[in-house]
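Coordinate analysis (summary)
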Number of protein chains: 2
Amino acid sequence: MLKKRPVGAPSVEETFEIQKVAKPSLSEDGQVLIRILMISVDPYMRGRMNDNKSYFTAPFEVGKPLSGGVAAEVVESRSADLKPGDKVLGFLPWLKYLVVAANTLRKLDTSVVPLEKYLSSAGYSGLSSYLPIKYIAAPKAGETVFVTGGAGAVGSCACQIFFSYGCKVISCAGSAEKVKWLQDLGIEAFNYKECALEDALMKFCPKGIDIYWDNVGGEMLETTLNHMNNFGRVVCCGMISQYNKAPKDRYGIKNLFLVVTKRLKLQGFIMSDYNEEQRVAATKELIRLICGGKLKTTETIMNGFEKVPEAFCGLFTGKNLGKMLVKI
Amino acid sequence: MLKKRPVGAPSVEETFEIQKVAKPSLSEDGQVLIRILMISVDPYMRGRMNDNKSYFTAPFEVGKPLSGGVAAEVVESRSADLKPGDKVLGFLPWLKYLVVAANTLRKLDTSVVPLEKYLSSAGYSGLSSYLPIKYIAAPKAGETVFVTGGAGAVGSCACQIFFSYGCKVISCAGSAEKVKWLQDLGIEAFNYKECALEDALMKFCPKGIDIYWDNVGGEMLETTLNHMNNFGRVVCCGMISQYNKAPKDRYGIKNLFLVVTKRLKLQGFIMSDYNEEQRVAATKELIRLICGGKLKTTETIMNGFEKVPEAFCGLFTGKNLGKMLVKI
């Protein structure tokens with residue numbers, strides 16, 4: 001549950017509370033009782049912890065369970081579509097057991113890709129990179145792409161999907177381990193904590209940047225704008241550097257006039273805006289890339305329901321390599 | 001000529017110099033000798049006065065003539081396409097007489113619209129609003145549009161073109177005279193100097209803003225982002241509030257995360273990026289709107305070549321109602 005809305009960084013003790021609730025029972029046809037196997041924690045959830053309506057969906061409520069993408073197993077079923085033991089994907093509250101309508105769940109074939117991938121590259125993280133890459137960035141082979149937060153769940157997918165388009169991909173991350181992991185995937189990468197971004201972009205993107213995949217915002221966005229080429233596209237995926245700051249303390253970007261002079265396009269997206277048809281087609285393509293070894297992701301998996309708060313807070317201190325998940 | 005690159009606001013005495021040069025003569029077939037009748041001064045020229053390559057075209061050179069959109073009359077011709085007395089439009093240096101290739105000029109029919117309109121609503125100002133409205137903003141009838149700098153050359157065209165799409169158009173300007181002029185055109189308008197923008201937008205755009213035509217940048221852009229609706233589009237036409245500031249003194253925009261949460265698109269443009277076919281089609285449509293009384297613009301016309309510096313500097317202190325022109 002959300003115990004208290006965080007001011008600044010979220011805290012394991014102050015932001016979250018774990019409560020015991022009764023295990024629910026099936027009461028209607030079409031329902032299934034599911035047991036959650038894995039919970040996805042994601043940076044965007046920080047925005048929903050604030051008491052404002054600026055985000056795409058309602059804020060989390062204090063005293064109510066948080067919610068997000070989860071993988072689960074069917075325990076009991078009153079639906080012809082799902083049987084006990086089936087693995088499913090849903091966007092659901094963080095409860096160990098839930099009764100839900102079967103038609104709100106997506107059945108997963110774990111013989112094709114393992115369960116955890118359906119919460120990362122074959123699921124929300126993959127879709128959150130594949131769809132805006134296709135519909136906003138529209139990359140052309142040979143273009144230079146810069147991806148911040150490259151070792152994160154969405155960033156690592158974005159790097160490899162751009163790579164599959166024939167782009168030159170440069171990324172950055174905040175530890176030697178993360179940088180090496182990116183380099184092992186064939187992505188040029190640097191540790192942003194150990195150099196000035198300005199210098200790194202001069203070195204890695206000497207011909208400028210055609211597409212910037214922004215997971216960070218703030219000063220990194222400002223510096224990167226200076227290196228964009230004419231007609232460059234900035235996919236505004238997230239701005240993790242700003243999430244824990246009060247509005248007045250957020251970084252002020254002073255060079256937006258470059259949007260005019262370089263004819264840039266900055267565009268935001270939320271994965272759920274894409275329609276079912278687009279998502280189904282994208283999922284097929286993601287699974288094709290995964291099975292073909294073209295989309296390799298990793299997961300940082302913590303164990304136990306009580307670890308959810310720690311996993312979430314760890315997103316803001318760079319604890320995750322790839323997707324952060326909690327196995328229940 | 002550009003005498004010295006301005007630091008901060010341009011100055012009649014320090015930024016400009018007028019020199020006497022010999023009247024040129026025709027030397028090759030295909031050329032015409034033209035006399036400039038009217039010079040357009042535009043805010044974007046301030047950017048070209050800086051010594052940087054960030055703008056769409058090379059900076060103006062110190063000690064060389066400035067250049068821009070001009071209307072002229074053919075004095076002598078060695079081209080079959082133009083004869084003495086013909087009126088033409090060109091993008092040319094600010095000299096009283098010029099020898100140019102006839103095929104770089106556009107012949108004007110002043111029986112359809114008067115000469116000055118070819119430098120405003122039927123020319124660059126009209127195209128600079130019509131084309132991005134069509135290709136970036138893509139307005140739908142009933143959408144709410146906010147236009148800053150509404151009494152300027154491009155802003156006043158933008159207001160009326162959006163209106164022709166069936167949009168609800170709200171604009172602002174910096175004097176009672178300008179506001180009244182906009183209101184007389186049927187545009188809802190307010191004086192931004194006499195109210196808080198926040199309050200004005202609450203009052204005039206209670207359902208939020210779908211399209212923001214930004215001529216101003218800085219704090220007005222920041223405040224307006226707070227009022228954008230989901231999937232809103234921001235056409236970044238210019239940022240006049242920032243042009244005279246050193247990079248470090250520019251206004252820092254802190255709420256760009258709204259680009260993600262509201263899925264906004266911010267996009268810059270420069271009229272010359274649109275191709276000949278698009279521009280010809282747009283010009284026809286602009287002339288149709290002008291002749292049909294749907295696109296009424298006004299011009300502030302100063303008299304005499306020596307008034308060019310004063311006219312240019314006046315753009316930054318709001319001296320112009322509509323297009324600022326200098327009649328030679």
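Each chain has its residues counted from 1, running along the sequence as written. Throughout, the order in which chains and ligands are written sets their labels, letters from A for the former and numbers from 1 for the latter. Local features in this predicted model are restricted to residues whose pLDDT is 70 or higher, and side-chain atom pairs enter the listing and the counts only when it is 80 or higher, whereas totals over whole chains, interfaces and linings include all residues.

Opposite the 32 residues of chain A that make contact, chain B presents 32 residues. Only DSSP runs of H or I covering at least 4 residues are called helices, and only runs of E covering at least 2 are called strands; the numbering of each starts at the N terminus. At the level of secondary structure, the elements contributing two or more residues to the side of chain A that touches chain B comprise α8 (257–261) and β11 (265–268) of chain A. Among the elements that make up the side of chain A that touches chain B, the one with the highest residue count is α8(A) (five residues). Residues are grouped as follows: nonpolar covers Ala, Val, Leu, Ile, Met, Phe, Trp, Tyr, Cys and Pro; charged covers Asp, Glu, Lys and Arg; every other residue, Gly included, is treated as polar. Classifying every residue of the side of chain A that touches chain B by side-chain character gives 16 nonpolar, ten polar and six charged. Throughout, a pair of residues is in contact if the C-beta atoms placed from their backbones lie within 7 Å.

Attention now goes to the sheet that holds strand β9 (residues 209–214) of chain B. Strands sit in the order β8(A)-β7(A)-β6(A)-β9(A)-β10(A)-β11(A)-β11(B)-β10(B)-β9(B)-β6(B)-β7(B)-β8(B) across an open sheet of twelve strands; the sheet is mixed. Single-partner strands in this sheet number two, and they are β8 (188–191) of chain A together with β8 (188–191) of chain B. Within the sheet, the average angular offset between the axes of one strand and its neighbour, ignoring direction, is 15°. Should DSSP find at least two bridges between two strands, the strands are regarded as paired. Note that strand β9 (residues 209–214) of chain A and strand β10 (residues 228–236) of chain A share five bridges and pair parallel. Bridged to Trp213(A) within β10(A) is Val235(A). The strands that helix α3 (residues 124–137) of chain A touches are β9, β10 and β11 of chain A; relative to β10(A), the one it contacts most, it runs at about 145°. Comment: axis = line fitted to C-alpha atoms, over the contacting stretch for helices; angle = value between 0 and 180 degrees taken between N-to-C directions. Seen against the sheet, helix α4 (residues 153–164) of chain A touches β6 (144–147), β7 (168–173) and β9 of chain A and runs at an angle of roughly 165° to β7(A).

All right, on to the relation of the copies chain A and chain B then. Here the copies are superposed with least squares, the fitted atoms being C-alpha atoms of residues at a pLDDT of at least 70 in both. For the pair chain A and chain B, the best superposition has an RMSD of 0.1 Å and corresponds to a rotation of 180° with a translation of 0.0 Å parallel to the axis. In short, the pair behaves as if placed about a two-fold rotation axis. In terms of proximity to the rotation axis, the leading residue of chain A is Gly252(A), whose C-alpha is 1.8 Å off the axis. Both copies contact each other with a shared surface, as 100% of the interface residues of chain A are interface residues in chain B too.

Residues and elements named next belong to chain A. Residue ranges labeled as domains rest on an automatic or database domain assignment. Domain parsing of chain A yields domain 1 (12–119 + 298–327) and domain 2 (124–272). On a C-alpha basis, the centres of domain 1 and domain 2 stand 28 Å from each other. At the junction of the two partners, domain 1 supplies 15 residues and domain 2 supplies 16 residues.

Okay, the packing of helix α3 (residues 124–137) of chain B against helix α9 (residues 276–291) of chain B next. Each pair of packed helices gets described by two things: the angle between the helix axes and the distance between those axes. All names here are of chain B. At a closest axis distance of 10 Å, the pairing of α3 and α9 adopts a crossing angle of 105°. Overall, the two elements α3 and α9 adopt an arrangement that is roughly perpendicular. Residues Gly126, Leu127, Tyr130 and Leu131 of α3 form the contact with α9, whose participating residues are Gln278, Arg279, Ala282, Thr283, Glu285 and Leu286. For the contact of α3 with α9, the residue count by class is five nonpolar, three polar and two charged. Should an angle fall under 35 degrees it is taken as roughly parallel, and over 145 as roughly antiparallel, whereas 65 to 115 is taken as roughly perpendicular and any remaining angle as oblique.

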